[in-house]
Each structure stands twice: as C-alpha cells, then as structure tokens.
Amino acid sequence: MKPETKAQLISTGSVNMDPALIHWLTIPTAGPGAGNVAFFFNSGGHRVRLAVKKESPLNAEMEDGELVIRKDGVEIARGSIEEELIHCPDQAFITMCEKCIFDCKFCPVPKLGGKVKTMDKMLKMIEEANSTGRMKAISITSGVEVSAEDEVDRAEELIRRLRETYNIPIGVSVYPTEDSTRRLKAAGASELKYNVETMDREIHAKVCPDQDLEFLLDSLRQGVEIFGKNKVCSNFIIGLGETDESVEKGIEELVSIGVVPILRAAARHPLREGEVIIERPSAERLLHLNRFLKEKLDEYGLRADTFDTMCLPCTGCDINPHVDLEE
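Not measured: the values here are computed from a predicted model. (Residues numbered from 1 in each chain as written. Predicted model: local features only at pLDDT ≥ 70, side-chain atom pairs only at ≥ 80, totals over all residues. Heavy atoms only, no water.)

1. As for helix α4 (residues 148-163)
Residue pairs three or four apart in sequence face the same way in an α-helix, which turns once every 3.6 residues.
Right, on to step 1. Between its terminal C-alpha atoms α4 stretches 22 Å, which fits the 22 Å expected from 16 residues at 1.5 Å a residue.
Right, on to step 2. Where the residues of α4 are buried, they touch α3 (119-130), β9 (137-141), β10 (170-173) and α5 (180-187). (Helix = DSSP H or I, 4+ residues; strand = E, 2+ residues; numbered from the N terminus. Expected span 1.5 Å × (residues − 1). Contact = heavy atoms within 4.5 Å.)

This is the structure we're talking about:
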C-alpha cells in the first residue's frame, strides 16, 4: 500500500461492507472513534483501521480470499482483515475507564456512559490475551471517572501487578498529575503518552476546556526526562480548525522537547453534533503534515518506528512517518 493510498483510506475513515465478513467485531470504547464498529485492514504490511458505515464512499468485498476496496468501481487497495488481540493486533490495549468528566468537544466518551473495569477484570483480559501466544505488548489508557489522580492510582496498581507476571513492554496513557510520571515509571511502565489533542492554544481552550495545555507540555517534558528518548508520544488531532502553519509550529514545539507527535485525523460523532466544527483532513493534507513531521523527527534524532506500545507500532489510525513514508 502506497502512502497516497493509506492517506486516502485514513482521510475517508470508513468503508461500506458486510459486517459478517469480520469474524472478530469490536467496538472501541475510547477516543473520538468510540462506539463505531471497526476493523483492521492490512495491505503489503501497512495497516489501516476503518469504520464500517453504509454511507461511506468506499466499498469493500471479498474476492479470491482478499478484501478489495473500491471507490466509484475502481480498485484502490486489496489485502486482508487482521485479527485483533484487544483493541489492536499484537497488543492487549486496555481502557480502564470508559467514562470521562472532561468535556472535550470532539470526544463522544463523556456521553456514552461506558463501563469502569475492575482490577480483576483487566488482569483476566490480559491473561486471556497472553494465552493466545500473540501478545507482544500491553497498553493502558483511561478516561477520567472521578479525578485524574484516581486514574493514576489505578494505572500504577495495574502496572505493578502486571510486572509480577509479564516481562514485555507496557505503555500507559492517562491524564497527568504532578507526580504521575515518576510513579508510572517506578511501577514498571516502559513508554508514556500524554495527549495534547491540539497545539493551537486558542482552539485547545475551546475544545478541551477542562484541560491545561501548558501543564500537559510540562508533563511531557518531565516524561522525556524520566522515560528517555523515543519513549514519549502524544496524540495531536488534525481537523479542528487549525491551520497547517499552526500544526507545523506545534510539531516543532513537541519534537524540540523530545516528544513524538501522532497526527490523528479528527472524526465527527453524532453525539457531538453542533458542539464542534470538524473538517476531516484530506489525504493531501495528511501526507504534507506527516512529511513535515518526518523531517522534524529526523532533524531532532527521534524515531516513530521504535516504540513497542500504544498507537505508534499499531499504525492503524495514523500515518507513521518512519513506517508508512519510508522510501
């Protein structure tokens, strides 16, 4: 799959197909895509996660054992449907809390009324994933049920208990607290993700009114100090009304402090209609911004292809500059 094809698939974000073709249907419970039926499509070693929607301009069907994706009757990609472990291939990706008190305007999670998993439930899920022989890493993320402090407490306990059994990379992504970085590292976390969501200060104040961008950036700086180089990343949503110039400035700011940004295409959700203006980025915009990101990562000696956990090794929702754009 060429970069242009992957960018087109991410930009569209969905296909019209028979859900019965997917034998391990999952519905994500975290992030802007929460609540949508989705699957992983792999073509030539490049992976894309696509939602299943009847109104999609792309159509997919099985032909000779392969899934073929077409637009206006013209084939644009063919490959296979990948089996998930938990939330993505090869990883047990656990969402501790499917609720959130933060009212980020692009995210449906606060309105979905999700579950809060018990410690025993999460440990059992990971034990079952490990029994398949396919678990290469564990990733932990969470909304915020009561407070960020409570979620850090739970993440710390979960990581400590996992470290009693598993000697594989563990990544963690929660909202930071004053001491979360040191505690999560001491518990045994390998990699860290604190999400800035957007680096446009004006937009951030509007779409993430309950979050503090400057505190997030300070926490990311501390994360790099404690976890080390090429161990800290951050989701950076594209399509919330920011300009390319703003994105490029934000990319430079993040990589200059040692953080690897993940450029995530914004997704509309019916539960957030009227609360936020989202323009899903075009394929051309995604390629342009990720090529700029690759240049800056190379300039600062950072890599997007050395992470073991969370979104960067999965590559399903984003273009990974060092996986999908390599010549």
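2. Section: the side chain of Lys193
Right, on to step 1. Inspection of the secondary structure puts Lys193 in strand β11 (residues 191-193).
Right, on to step 2. The buried charged residue Lys193 lacks any salt bridge, with Asp318 as its nearest oppositely charged partner at 7.8 Å.
Right, on to step 3. A polar contact of 3.5 Å, which involves the side chain of Lys193, links it to the side chain of Asn195.
Right, on to step 4. Setting aside anything within four residues of it in sequence, one finds Lys193 in contact with Val172, Ser173, Val174, Cys233, Ser234, Asn235, Ile262, Met310 and Cys311. (Buried < 20%, exposed > 50% of the residue type's maximum accessible area, 1.4 Å probe, protein only. Lys, Arg positive; Asp, Glu negative; His and termini not counted. Salt bridge = Lys/Arg side-chain N within 4 Å of Asp/Glu carboxyl O. Polar contact = N/O pair within 3.5 Å; in protein donor to acceptor, adjacent residues only side chain to side chain.)

3. Thoughts on the nonpolar core
Right, on to step 1. In this structure, Ile140, Leu162, Val172, Leu184 and Leu220 are the most contacted members of the largest nonpolar core, which totals 68 residues.
Right, on to step 2. Element by element, the count of residues in this core is highest for helix α7 (residues 213-227), at seven residues.
Right, on to step 3. Excluding residues that lie within four positions of it along the chain, Leu184 makes contacts with Val152, Ala155, Glu156, Ile159, Val172, Val174, Ala189, Leu192, Tyr194 and Phe227.
Right, on to step 4. Among the nonpolar cores identified, the runner-up in size contains 24 residues, and Met1, Ile22, Leu287 and Ile319 belong to it. (Core = buried A, V, L, I, M, F, W, Y, C linked by side-chain atoms within 4.5 Å.)

4. Focus: the pairing of strand β4 (residues 58-63)
Right, on to step 1. Relative to strand β5 (residues 66-71), β4 runs antiparallel, the two sharing six bridges. Opposite Ala60, over in β5, you have Ile69 as the bridge partner.
Right, on to step 2. In this structure, the hairpin formed by β4 and β5 is closed by a connection of two residues, where Asp64 is found at a positive phi of approximately 50°. (Pairing = 2+ DSSP bridges.)

5. Section: the packing of aromatic side chains
For any pair of aromatic rings, the description rests on two quantities: the centre-to-centre distance and the angle between the ring planes.
Right, on to step 1. Per the stated rule, a full pass over the model turns up one aromatic pair.
Right, on to step 2. Positioned above the aromatic ring of Phe227, the side-chain terminus of Lys185 is 5.1 Å from the ring centre. (Phe/Tyr/Trp six-rings, centres within 6.5 Å; stacked < 30°, edge-to-face > 60°. Lys NZ or Arg CZ within 6 Å of the ring centre and 35° of its normal.)

6. Comments concerning the packing of α5 against α7
Right, on to step 1. Where α5 contacts α7, the two axes come as close as 9 Å, and the packing angle between them is 30°. Judged by the inter-axis angle, α5 sits roughly parallel to α7. With respect to the hand of their crossing, α5 and α7 are arranged in right-handed fashion. Contacts from Thr181, Arg182, Leu184 and Lys185 in α5 reach Ser219, Gln222, Gly223, Ile226 and Phe227 in α7.
Right, on to step 2. Taken together, the residues of the contact of α5 with α7 sort by class into three nonpolar, four polar and two charged. (Axes fitted to C-alpha atoms, helices over the stretch in contact; angles between N-to-C directions. Parallel < 35°, antiparallel > 145°, perpendicular 65-115°, else oblique. Left-handed = near helix turned anticlockwise from the far one by under 90°. Nonpolar A, V, L, I, M, F, W, Y, C, P; charged D, E, K, R; others polar.)

7. Some details on unusual backbone geometry
Excluding glycine, residues mostly carry a negative phi; peptide bonds, for their part, are mostly trans.
Right, on to step 1. In this structure, His87 takes a positive phi of about 80° despite not being glycine.
Right, on to step 2. Structurally, His87 is set in strand β7 (residues 87-88).
Right, on to step 3. A positive phi angle, close to 60°, is found at Asn230, a residue other than glycine.
Right, on to step 4. By the secondary structure assignment, Asn230 is in the loop between α7 and β12 (232-238).

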